[in-house]
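For reference, the chains in residue letters:
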Amino acid sequence: MPRGVIPRQPAPTGRQDRVARTSLRPAQGRLSPGKAAPKHPRRGKDSRIRGEAPAVAPQGRKKTYNPLSPERISEILKRLDQFYPDVTCALTHSSAWELLVATILSAQSTDVNVNRVTPELFRKYPTVEAFAALTPEQLQPDVRSTGFFRNKSKSVVGAAKKIVADFAGQVPDDMEKLLTLPGVARKTANVVLGTWFTKAEGVVVDTHVHRISRRLELTANDDPQTIEQDLMRIIPREKWILFAHQIIWHGRRLCLARKPKCVDCPLEDLCHAADKTWSTVEMHKNAKA
C-alpha cells in the first residue's frame, strides 16, 4: 500500500458511506432531507416547478384558514363574553334624548371629554324643548370643547326642533324615523336603539369597531355601512348590541390604534393582524386597520 494512503473505514452503522454527489444547480426549490418528492410537482404562476407536496393530499392535508368560519366567530364571542360580560355604553345619560345628544357630540371626540361637558349642558337645558328654543350659535359655547362645535350645535338644535315638531317631544324608537333627524346616521341611531330601547336593528360601527373588525378579518371593507352589513351577516342578532359594546371597550383598553397591547389580548391567538406588536400566530398582510 502506498505510503500515506489510509483505507476507508466502515461506517458505525455497519454500512459503507456513499460518496455524495454535488449538484451544480442552484439549491432553490430543493427538498429538505427526508421529504418525499411529489409525483406531480405543481407549477406556480411563474412556471417554475415547486418542490412542495400537492395542496390536495388524501391524508394529513392542511386545513384551509377561514376567518369567517362559525367555529372562529363562536370562539371570538365566547372570549369577549368572558372578558367583557356586562359592558354598556360609556356615555353618561338618563334619557333617550340625553343619549342622543351625547352620541352626536362624541363624533371625533372621546367619551371622557363628552362626559365632562354633558352634565352642565343638561343642567342648563333640562328638556328637549329647551334645546329646541335655542339657536345653534347660542349652543356653540357649551359644546366647543368637543370639537366641530358649529356642526354639532346645528345638529343638536335641529334634532330637538324636529323631535318637538314631529314626534311630540319624544325620541322615536324606530330606525327610519331616527334617520330623519339632523346629525343622525346609522351609528348614532344604533346607539340609541340598542342602549336605550334595547332594539337590535344593526351593529354600531364606530372607530374601534371599524379598526378591530378589520384586524380580526371579520371584514375587508372600509366603509362603515358596508362593515355593519358584513358584521350583521356573521354575528348572531341577539349579540349585535353587546358585541359592539365589547369591541369598543376592547379597543379602548387593549386593541389600541397605535401599539396595541397584543401580549395581554385574550384574542391574540385568533388574530392575524399585520400591525400586531407581538404574535404567536402567522400574521396576514391584508389584515389591518
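Further up the page is the structure itself.
Residues numbered from 1 in each chain as written. Predicted model: local features only at pLDDT ≥ 70, side-chain atom pairs only at ≥ 80, totals over all residues. Heavy atoms only, no water.

Draft legend 1. Representation of the side chain of Arg72 in the model. By the secondary structure assignment, Arg72 is in helix H1 (residues 70-83). Lacking a salt bridge, the buried Arg72 has Glu217 as its closest oppositely charged neighbour, with an N-O distance of 4.6 Å. Those residues in contact with Arg72, other than ones at most four positions away along the chain, are Tyr65, Asn66, Pro67, Leu216, Leu218, Leu270 and Cys271. (Helix = DSSP H or I, 4+ residues; strand = E, 2+ residues; numbered from the N terminus. Buried < 20%, exposed > 50% of the residue type's maximum accessible area, 1.4 Å probe, protein only. Lys, Arg positive; Asp, Glu negative; His and termini not counted. Salt bridge = Lys/Arg side-chain N within 4 Å of Asp/Glu carboxyl O. Contact = heavy atoms within 4.5 Å.)

Draft legend 2. Structural detail: unusual backbone geometry. In this model, Ala168 sits at a positive phi of 55°, which is unusual for a non-glycine residue. Relative to the helices and strands, Ala168 is located in the loop between helix H6 (149-166) and helix H7 (175-178).

Draft legend 3. Quick look at the side chain of Gln246. By secondary structure assignment, the location of Gln246 is in helix H11 (residues 240-253). The exposure class of Gln246 is buried, given its relative accessible area of 1%. Within the structure, Gln246 has its side chain in polar contact with the backbone oxygen of Leu80 (distance 3.4 Å). (Polar contact = N/O pair within 3.5 Å; in protein donor to acceptor, adjacent residues only side chain to side chain.)

Draft legend 4. Just the nonpolar core, in detail. Ranked by internal contacts, the top residues of the largest apolar core, which has 66 residues, are Trp97, Leu100, Leu121, Phe131, Leu139, Leu231 and Phe243. No other element matches the eight residues that helix H2 (residues 96-105) contributes to this core. Residues contacting Leu231, with those up to four places away along its chain left out, are Val203, Val205, Val209, Ser213, Leu218, Trp240 and Phe243. (Core = buried A, V, L, I, M, F, W, Y, C linked by side-chain atoms within 4.5 Å.)

Draft legend 5. Fine view of the environment of Glu75. Relative to the helices and strands, Glu75 is located in helix H1. Glu75 sits in the partly exposed class, given a relative accessible area of 26%. In this structure the C-alpha to C-alpha distance between Glu75 and Leu267, which are 192 residues apart in sequence, comes to 9.0 Å. Here the side chain of Glu75 touches Arg79 through a polar contact of 2.8 Å, side chain to side chain.

Draft legend 6. Examining the pattern of salt bridges more closely. Under the criterion given, the structure shown has 13 salt bridges. The salt bridge involving Glu201 is made with Arg237; its shortest N-O contact spans 3.7 Å. Here Glu201, found in the loop between helix H8 (186-196) and helix H9 (207-215), pairs with Arg237, found in the loop between helix H10 (224-234) and H11; they are 36 residues apart in sequence, far enough to count as distant. Its relative accessible area of 33% is what places Glu201 among the partly exposed residues. Residue Arg237 is classed as partly exposed on the basis of its relative accessible area of 46%. Look at the salt bridges and you will find they share partners, linking Glu75, Arg79 and Asp269 into a network.

Draft legend 7. Geometry of the packing of aromatic side chains. With the rule as written, the count across this model stands at three aromatic pairs. A ring pair is formed by Trp97 and Phe131, whose centres lie 5.4 Å apart and whose planes are at 70°; its orientation type is edge-to-face. Of the two residues, Trp97 sits in helix H2 while Phe131 sits in helix H4 (residues 128-132), which places them 34 residues apart along the sequence. Across this residue pair, the class does not change: Trp97 and Phe131 are buried. Looking at Arg144, its charged tip hangs above the ring of Phe149, at a distance of 4.2 Å from the centre. (Phe/Tyr/Trp six-rings, centres within 6.5 Å; stacked < 30°, edge-to-face > 60°. Lys NZ or Arg CZ within 6 Å of the ring centre and 35° of its normal.)

Draft legend 8. Representation of H11 within the structure. In this model H11 runs 20 Å from its N-terminal to its C-terminal C-alpha over 14 residues, within 8% of the 20 Å that 1.5 Å per residue would give. Along H11, the positions that sit buried rather than exposed are Trp240, Phe243, Ala244, His245, Gln246, Ile247, Ile248, His250 and Gly251. Its buried side turned inward, H11 meets H1, H8, H9 and H10. (Expected span 1.5 Å × (residues − 1).)

Draft legend 9. Representation of the environment of Arg211 within the structure. On the secondary structure map, Arg211 appears in helix H9. Looking at Arg211, the relative accessible area reads 7%, which means it is buried. Between the alpha carbons of Arg211 and Leu256 there is a distance of 8.9 Å; along the sequence they are 45 residues apart. Not counting residues up to four positions away in its chain, the partners in contact with Arg211 are Gly251, Cys255, Leu256, Ala257 and Ala289.

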